[in-house]
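Single-letter residue listing:
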Amino acid sequence: MSLDDLYRDVILDHYSHPRNKGTVEGATVTREGANPLCGDEIRLSLVVRDGVVQDVRFDGKGCSISQASASMMTERIKGRGVQEAGRLIAAFKAMMRGEAAGEEMGDLEALQGVRKFPVRVKCATLGWLTLEGALEEAAR
Amino acid sequence: MGIPATIRDDFPILRQRVNGKPLVYLDSASTSQKPRQVIEAVVRYYEEYNANIHRGVYSIAERATAEYEAARAKVARFLGAAEPAEIVFTRNVTEALNLVAYAWGRRHIGPGDEILLTEMEHHSDLVPWQLLAQERGARLRHIPFDDQGRLILAGLDRLITARTKIVSVVHVSNTFGTVNPVAEIARAAHARGALVVVDGAQSAPHRRVDVRGLGADFYGFTGHKMLAPMGTGGLWARRALLEEMDPFLGGGEMISDVWLDRATWNEVPWKFEAGTQDVGGAIGLGAAVDYLERLGMEAVEAHEREITAYALRRLREAEIPGLTVLGPGIDDRGGVVSFVIDGVHPHDISQVLDTEGICVRAGHHCTKPLHRKLGLGASVRASFYVYTIKEEIDILARALLKTRELFRVAG
Ligand SMILES: Cc1ncc(COP(=O)(O)O)c(C=O)c1O
């Protein structure tokens with residue numbers, strides 16, 4: 001097992017320079033997620049309107065994997081349709097299970113290496129599961 | 001007389017390589033490694049005289065019973081108990097603390113009574129009291145700690161009141177490493193008629209403990225942190241106290257006589273040992289005590305102090321940017337060094353260290369309230385034992401520099 005598989009440059013870059021960090025003003029939905037085992041925390045705030053994620057920001061504290069994954073996620077879904085975001089969540093979860101993603105993953109592929117470190121998979125998926133909950137809430 | 005240089009030969013696990021590197025085991029506060037002598041004692045039990053105790057009249061059952069009770073006598077002597085009957089075997093210290101909360105607490109703690117703990121307790125010494133307090137309508141109070149991880153005793157007179165029934169304190173903190181002034185706290189508690197419970201998970205393995213000199217009324221310990229097998233441990237209390245207590249678990253062996261609708265209790269300590277015990281484990285615990293006594297607890301403590309002082313100095317001298325060590329200076333500290341590095345999360349640190357063969361704990365070490373008070377979600381903990389050597393500290397310091405380098409961009 002090589003550390004380079006885990007700490008790819010793009011991950012370290014998102015960790016040290018998180019994109020979309022903070023809270024969206026006038027958010028239509030906010031959601032918190034936590035990984036009680038290791039204390040990672042993510043707070044998402046989104047503006048979902050007309051079936052589109054108009055804006056999204058994340059806040060939280062945790063390891064490089066959880067924070068970078070959330071940062072990459074916000075970058076990817078901002079401005080995208082809710083349905084597309086839903087497909088991406090499914091694809092990301094599939095990728096982390098070692099299955100075919102069925103979507104163009106782009107930079108997110110860097111997180112595939114986390115699979116070799118099973119205890120860290122939960123860190124990578126935290127932001128995505130939080131997003132899943134947020135979108136369900138927005139649909140209600 | 002110190003720890004012999006050959007000690008590592010007694011620990012088979014330390015011979016292996018992990019990720020191509022020699023195993024550097026710095027997580028002994030979590031669980032200790034086991035020497036050959038302990039492993040062999042357990043194997044001998046299973047290979048030569050595996051039988052249930054206190055029941056059979058045949059030879060191997062008698063031998064099993066004798067060895068099990070001999071282990072109790074060894075533990076009693078090791079902790080300074082007046083007699084073996086003062087030692088109740090449990091699965092671990094968590095069970096010992098729960099035993100006190102249920103068997104003593106339910107009878108004696110009522111609405112409005114107070115239970116005094118500290119802010120640095122392990123969850124094992126928080127949650128059983130929370131459950132009891134909720135059930136009985138009692139109030140929990142906590143002795144605070146200062147920025148060095150030392151208990152603040154200045155307000156103790158106000159924290160211990162006429163309503164205080166129990167004061168329960170960790171002897172040596174598993175996160176700060178602080179050696180707490182149990183005797184002083186016990187004096188204040190006893191002056192108000194409260195009983196004193198001591199969580200000895202991190203003291204029994206590492207220093208000479210004299211339960212009676214300590215001023216404790218109950219002292220819990222856990223075997224797996226003191227070279228013994230998993231699932232072993234116990235509770236010490238004076239015979240009179242154990243005798244007046246209700247049982248904890250009901251079942252076989254803890255009874256004297258049973259009718260369809262009632263039962264009477266066995267004598268102490270068996271009154272608290274319901275069901276078939278971990279006999280092999282207890283015998284392994286006895287072997288672990290033998291091993292520690294041969295080393296001498298004074299030598300064990302001196303060795304750990306030397307390693308800990310070296311670690312504190314080495315981490316300082318390595319000048320790892322952003323590194324902060326939690327807890328007090330060497331004078332009040334056991335073999336535990338917890339730290340954080342600005343901009344590098346403890347899990348990432350631990351992950352990088354793993355690739356160097358280094359085992360450290362990353363997380364809250366079951367002291368969430370302590371971490372919350374410090375504004376931390378987690379920390380890294382390196383902890384030492386009889387087999388820890390300075391070379392391992394050097395490997396740790398070098399690996400931390402490398403970690404810092406990897407995450408330099410994040411700083
Ligand atoms: C101070 C302290 N108390 C309690 C415990 C709980 O020990 P166990 O899990 O063996 O019951 C530990 C160890 O995890 C500890 O360090």
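Residues numbered from 1 in each chain as written. Chains lettered and ligands numbered in written order. Predicted model: local features only at pLDDT ≥ 70, side-chain atom pairs only at ≥ 80, totals over all residues. Heavy atoms only, no water.

- Looking at an unreviewed UniProt entry, one finds chain B named cysteine desulfurase, with Candidatus Segetimicrobium genomatis as its source organism.
- For the record of chain B, the UniProt heading Cofactor (unreviewed entry) holds the text "pyridoxal 5'-phosphate".
- Annotation of chain B in UniProt includes, under Sequence similarities (unreviewed entry), the sentence "Belongs to the class-V pyridoxal-phosphate-dependent aminotransferase family. Csd subfamily." (UniProt positions renumbered as here; feature names shortened; annotations may be inferred.)

- In the nomenclature of an unreviewed UniProt entry, chain A corresponds to SUF system NifU family Fe-S cluster assembly protein from the organism Candidatus Segetimicrobium genomatis.
- Under Sequence similarities (unreviewed entry), UniProt gives the following word-for-word description of chain A: "Belongs to the NifU family."

1. Quick notes on the UniProt feature "domain: NIF system FeS cluster assembly NifU N-terminal" (unreviewed entry) in chain A
Then comes step 1: As recorded in UniProt, the feature "domain: NIF system FeS cluster assembly NifU N-terminal" (unreviewed entry) lies at residues 7–123 of chain A.
Then comes step 2: The span residues 7–123 of chain A carries 35% helix and 23% strand; its end-to-end C-alpha distance comes to 13 Å. (Helix = DSSP H or I, 4+ residues; strand = E, 2+ residues; numbered from the N terminus.)

2. A short note on the environment of Gly56 of chain B
Residues and elements named next belong to chain B.
Then comes step 1: Position of Gly56 among the secondary structure elements: in the loop between helix H1 (36–48) and helix H2 (59–79).
Then comes step 2: With a relative accessible area of 23%, Gly56 lands in the partly exposed category.
Then comes step 3: When the C-alpha atoms of Gly56 and Gly375 are compared, they prove to be 57 Å apart, with 319 residues separating the residues in sequence.
Then comes step 4: The contacts of Gly56, once residues within four sequence positions are left out, are Ala61 and Glu62. (Buried < 20%, exposed > 50% of the residue type's maximum accessible area, 1.4 Å probe, protein only. Contact = heavy atoms within 4.5 Å.)

3. Quick look at the domain arrangement of chain B
Residue and element names in this part refer to chain B.
Then comes step 1: The domain architecture assigned to chain B consists of domain 1 (5–30 + 297–408) and domain 2 (39–294).
Then comes step 2: In this complex, domain 1 contributes 35 residues to the contact, which on the side of domain 2 involves 32 residues.
Then comes step 3: Carbon and sulfur atoms make up 55% of the surface buried where domain 1 meets domain 2, a total of about 2,700 Å² over both sides.
Then comes step 4: At the surface where domain 1 touches domain 2, the tally comes to 4 salt bridges.
Then comes step 5: Here Arg207 ties to Glu301 by a salt bridge, and the two come within 3.6 Å at their closest N and O atoms.
Then comes step 6: Our enumeration of links across domain 1 and domain 2 arrives at 19 residue pairs in polar contact (both at pLDDT 80 or more).
Then comes step 7: For the side of domain 1 that touches domain 2, the elements supplying multiple residues, two or more each, are helix H10 (297–317), strand E14 (336–341) and helix H12 (368–373).
Then comes step 8: Classifying every residue of the side of domain 1 that touches domain 2 by side-chain character gives 17 nonpolar, 9 polar and 9 charged. (Domains from an automatic or database assignment. Buried area = accessible area lost by both parts, 1.4 Å probe. Salt bridge = Lys/Arg side-chain N within 4 Å of Asp/Glu carboxyl O. Polar contact = N/O pair within 3.5 Å; in protein donor to acceptor, adjacent residues only side chain to side chain. Nonpolar A, V, L, I, M, F, W, Y, C, P; charged D, E, K, R; others polar.)

4. Here's the deal with the sheet that holds strand E13 (residues 323–325) of chain B
Residue and element names in this part refer to chain B.
Then comes step 1: Here we have 4 strands laid out as an open sheet, ordered E13-E14-E17-E16, and antiparallel in their pairing. Only two strands of the sheet have a single partner each, and these edge strands are E13 and strand E16 (361–363). Averaged over all pairs of adjacent strands, the angle between their axes in this sheet comes to 30 degrees, without regard to strand direction. (Pairing = 2+ DSSP bridges. Axes fitted to C-alpha atoms, helices over the stretch in contact; angles between N-to-C directions.)

5. Details of the interface of chain A and chain B
Then comes step 1: Taken together, the contact between chain A and chain B spans 17 residues of the former and 16 residues of the latter.
Then comes step 2: Taken together, the connections running from chain A to chain B amount to 1 salt bridge.
Then comes step 3: On the surface where chain A and chain B come into contact, there are 5 residue pairs in polar contact (both at pLDDT 80 or more).
Then comes step 4: Residue assignment for the side of chain A that touches chain B shows that the elements contributing at least two residues are helix H1 (3–6) and helix H2 (9–16) of chain A.
Then comes step 5: If one sorts the elements of the side of chain A that touches chain B by residue count, H2 of chain A sits on top with 3 residues.
Then comes step 6: Residues of the side of chain A that touches chain B, tallied by class, amount to 11 nonpolar, 3 polar and 3 charged.

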